[in-house]
Amino acid sequence: MNPLKYSITFACYNQVDYTMQCVNSMIKHGLDLSRLVVVDNGSGDSTRDYLKSLPLGGRIFNQANLGCGVAWNQGALALQSEWTIVMNNDVLVSRGWIEHLIEAAEQNGLKIISPSLIEGPLDYDFDAFADQASVKMKDALRIGDRHAVCLAVHQSVWMEIGYFQPIPKLLGYEDTMFFHEADKAGIPTGMTGRSWLHHYGSITQTAMKQERGLSERDSLSNRHNYRLLQQSWLERKLKKIKKIRQKKSWYEQELAQFGMSMHGIRKNGAFSWQ
């Protein structure tokens, strides 16, 4: 695939070790780092020194923590392409992850697509697992599903609904609002079993919450943020019930067909399929 077809961006806030692991996994699997833009949200560790040492397509150093929405927009606009991959920095990528992700989207007419995920500790051979899983589940597709750990966004989406809400206080709710607008516009989304990532678990989001004095129990999507969706309590409740039922249906179908699902969590040295 022509690398000019896509660009990649992620935001970071301290946690340089995870950023290094993410970038090293990209290099390992052949990514041209000139297609990557990294936005640093005011890190106080060695993140910026590390980023300066890389031949990136762009690096943006914000003076303060402006939140994910602002950072994602900065990265997406700094290096524009047909497909923009917006992702977390606390992930590891696998062989052919970009090509498989975009191919699945184009073959199924999707404009926003996310890869399958394993979350939790890295206590297994992810590369070997991903090589097998991407073949075994190459035709698995969850139409309507998506997540903000990683999403590939077609350029037509920006023109249709715009970018992420650039409001720092949303702190983790930007993706919910973006997906809400995509649903309202009827933009087709999905999640594919052809591409896999390992996700340690919202490391940067946790760090940003701690920086703002929020505990792990504090919801990133508080009641004020919910009001921004302009939905009643009942509408949100019914939508949540429908979503839970749909995910259960996907899980059961995938488990019956493949013996696994597109979302796994590592617990006690084993996979717990979701």
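Residues numbered from 1 in each chain as written. Predicted model: local features only at pLDDT ≥ 70, side-chain atom pairs only at ≥ 80, totals over all residues. Heavy atoms only, no water.

Regarding helix H4 (residues 97-107)
Every α-helix winds through 3.6 residues per turn, so residues three or four apart in the chain are directed the same way.
Argument step 1. Among all positions in H4, only Trp97, Ile98, Leu101, Ile102, Ala104 and Ala105 are buried. For H4, the angular spread of buried residues about the axis comes to 155 degrees, placing them on one side.
Argument step 2. For H4, the elements touching its buried residues are strand S1 (6-12), helix H1 (16-28), strand S4 (83-87), strand S6 (112-119), strand S8 (150-154) and strand S9 (189-199).
Argument step 3. Immediately beyond the C-terminal end of H4, within one or two residues, lies glycine 109, with a positive phi of roughly 65 degrees. (Buried < 20%, exposed > 50% of the residue type's maximum accessible area, 1.4 Å probe, protein only. Helix = DSSP H or I, 4+ residues; strand = E, 2+ residues; numbered from the N terminus. Arc of directions from axis to C-beta. Contact = heavy atoms within 4.5 Å.)

Quick word on the state of the cysteines
Argument step 1. Evaluated as defined, the whole model comprises zero disulfides.
Argument step 2. Here cysteine 22 stays unpaired: no disulfide links it, and the sulfur of cysteine 150, its closest cysteine neighbor, is 9.3 Å away.
Argument step 3. Given the relative accessible area of 0%, cysteine 22 is considered buried. (Disulfide = S-S within 2.5 Å.)

A word on the side chain of arginine 146
Argument step 1. Among the structural elements, arginine 146 can be located in the loop between strand S7 (141-143) and S8.
Argument step 2. The exposure class of arginine 146 is buried, given its relative accessible area of 17%.
Argument step 3. In terms of polar contacts, arginine 146 uses its side chain to reach the side chain of aspartate 183, at 2.8 Å.
Argument step 4. Here threonine 189 takes part through its side chain, which lies 3.4 Å from a polar atom of the side chain of arginine 146.
Argument step 5. Setting aside residues up to four positions removed in sequence, arginine 146 forms contacts with Ser114, Phe179, Asp183, Thr189 and Gly190. (Polar contact = N/O pair within 3.5 Å; in protein donor to acceptor, adjacent residues only side chain to side chain.)

Some thoughts on the nonpolar core
Argument step 1. Ranked by size, the top nonpolar core spans 34 residues in total, and within it Ile8, Phe10, Met26, Leu36, Met87 and Trp97 carry the most contacts.
Argument step 2. At the level of elements, S1, H1, strand S2 (36-40), helix H2 (47-52), S4, H4, S6 and S8 are the ones that each hand at least two residues to this core.
Argument step 3. Per-element tally for this core: the top contributor is H4, with six residues.
Argument step 4. Beyond its immediate stretch of four places on either side in the chain, methionine 26 contacts Ile8, Phe10, Leu31, Leu36, Met87, Val93 and Trp97. (Core = buried A, V, L, I, M, F, W, Y, C linked by side-chain atoms within 4.5 Å.)

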